[in-house]
Amino acid sequence: MNNSEHDFCRIPIWYPSLANHTFVTSFLRLRDDEIAALQQGETDTPVARGAVRRLREPMRTFPGNSFVSVDCVAPTDTERFTGKRGAVYSARSAWHYLAASAKVRHSAAAGEVEYICIRPFRRMNQTREFRLFIHDRQLKGMSQYWLVRHFRRLEGHKKHFWNRAEALVKEIAWVLPVENLVMDVYFTSGDEILIIDFNPWGDPTRPLLFDRWDRDWSQVAGIKLIPPPLTIRGDINVSF
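Keep in mind the model is a prediction, meaning the values are calculated, not measured. (Residues numbered from 1 in each chain as written. Predicted model: local features only at pLDDT ≥ 70, side-chain atom pairs only at ≥ 80, totals over all residues. Heavy atoms only, no water.)

Notes on the sheet that holds strand E5 (residues 138-144)
- Pairing in this open sheet of five strands is mixed, and the strands run E7-E6-E4-E5-E8 from one edge to the other. Of all the strands in the sheet, just strand E7 (193-199) and strand E8 (222-224) have a single pairing partner and so form its edges. Averaged over neighbouring strand pairs, the angle between their axes works out to 25° when direction is ignored.
- Inspection of the sheet shows strand E4 (residues 129-135) paired to E5 by six bridges, in the antiparallel sense. Across the sheet, the residue bridging to His 135 is Gln 138, located in E5. (Pairing = 2+ DSSP bridges. Helix = DSSP H or I, 4+ residues; strand = E, 2+ residues; numbered from the N terminus. Axes fitted to C-alpha atoms, helices over the stretch in contact; angles between N-to-C directions.)

A word on helix H6 (residues 102-109)
- Buried residues of H6: Val 104, Ser 107 and Ala 108, and no others. Projection of H6 onto a plane perpendicular to its axis shows the buried side chains occupying an angular sector of 100°, all on one side.
- Against helix H2 (32-39), strand E2 (66-70) and helix H5 (91-99) lie the buried residues of H6. (Buried < 20%, exposed > 50% of the residue type's maximum accessible area, 1.4 Å probe, protein only. Arc of directions from axis to C-beta. Contact = heavy atoms within 4.5 Å.)

Description of the side chain of Lys 140
- Relative to the assigned elements, Lys 140 resides in strand E5.
- A polar atom in the side chain of Lys 140 sits 3.0 Å from the side chain of Gln 138. (Polar contact = N/O pair within 3.5 Å; in protein donor to acceptor, adjacent residues only side chain to side chain.)

Focus: the packing of aromatic side chains
- Considering all chains together, one arrives at 15 aromatic pairs under this definition.
- Between the aromatic rings of Tyr 145 and Trp 146, the centroid separation amounts to 5.4 Å while the plane-to-plane angle is 75°, which identifies the pairing as edge-to-face.
- Look at Tyr 145 and you get buried, because its relative accessible area is 19%.
- The class for Trp 146 is partly exposed, based on a relative accessible area of 21%. (Phe/Tyr/Trp six-rings, centres within 6.5 Å; stacked < 30°, edge-to-face > 60°.)

As for helix H1 (residues 11-18)
- If you check which residues of H1 are buried, you get Ile 11, Pro 12, Trp 14, Tyr 15 and Leu 18.
- Contacts made by the buried residues of H1 are with strand E1 (26-29), E2, strand E3 (115-120), helix H8 (158-172) and E7.

A word on the pattern of salt bridges
- In the structure shown here, the tally under the stated rule is 12 salt bridges.
- The closest approach of N and O atoms between Asp 191 and Arg 164, which form a salt bridge, is 3.2 Å. Of this pair, Asp 191 sits in the loop between strand E6 (181-187) and E7 while Arg 164 sits in helix H8, and the two are 27 residues apart along the sequence.
- By relative accessible area, which is 26% here, Arg 164 ends up partly exposed.
- Counted as one network, the salt bridges with shared partners bring together Arg 10, Arg 29, Asp 71 and Glu 114. (Salt bridge = Lys/Arg side-chain N within 4 Å of Asp/Glu carboxyl O.)

Section: the layout of surface pockets
- One number sums up the size of the largest pocket: a volume of about 1,400 Å³.
- Every residue lining the largest pocket is counted, 48 residues in all, and those nearest its centre are Cys 72, Ala 74, Lys 103, Asp 197 and Asn 199.
- Put simply, the parts of the chain that give the lining of the largest pocket at least two residues each are H1, E2, H6, E3, E4 and E7.
- No other element matches E7, which puts five residues into the lining of the largest pocket. (1 Å grid on protein atoms, 1.4 Å probe; cavity = no way out; pocket = protein on both sides within 12 Å on 5 of 7 lines; lining within 4 Å. Points joined across faces, edges and corners; volume = space filled by probe spheres on them.)

Considerations on the side chain of Ser 66
- Tracing the backbone through its elements, the reader meets Ser 66 in strand E2.
- Among the residues examined, Ser 66 registers a relative accessible area of 1% and is labelled buried.
- Apart from residues lying up to four places away in sequence, Ser 66 is in contact with Met 59, Gly 86, Ala 87, Val 88, Ile 118, Arg 119, Pro 120 and Phe 121.

Some points on unusual backbone geometry
- Geometrically, the link from Asp 203 to Pro 204 is a cis peptide bond, its omega value of 10° lying close to zero.
- Mapping Pro 204 onto the fold places it in the loop between E7 and E8.
- Even without a glycine there, the phi angle at Arg 85 is positive, about 55°.
- Within the secondary structure layout, Arg 85 lies in the loop between helix H4 (79-84) and H5.
- The phi angle at Leu 208 is positive, at roughly 55°, despite the residue not being glycine.

Here you go:
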């Protein structure tokens, strides 16, 4: 396992300190030959079949569908994620899903994979996912995560979302692994905030609605949402 300055983003690193603020997660530590098999995208070799057998036990922890990832990468670049948001039921499907992901294979090749992480599958509402920008262990900015369109229902609740996120950051600031980081979160229908993952501060992490990283992060920027579509009224003359 290669050590890097971004190790704090790995779920097995931060999970023990923040388990009460994220999805219940089970872990399978991979052997070196299993990591190599994952790197090569193997699905029907003796090593891959052995990994599938070992994966069955931790997946039994959760009834129904699961979502699987590796230490700091989820296979969001696969057909399974596009069609089913990553829901898997069997250990065989889970391994195939990971092996099909170029992101996962690249992470394994880079020495960043040690565990498969398993949590219950949850069909998350895109309007309740946010990216938090934490600088000097304080919440400085918050962006709508899915930049697909304006979500009208967010406008009336944005102050509430900000206040809840700010309270969470204040509560966990002392256990955050580094002073500056980006944290993706999800608000459940019961108004609980769950941490999805951590990302490094700055490129290549996307600043989303903050557009750029070279800004004064000592100032609180608040929450940013995609604005409503512009409506033009009156007589409009267009010529070409």
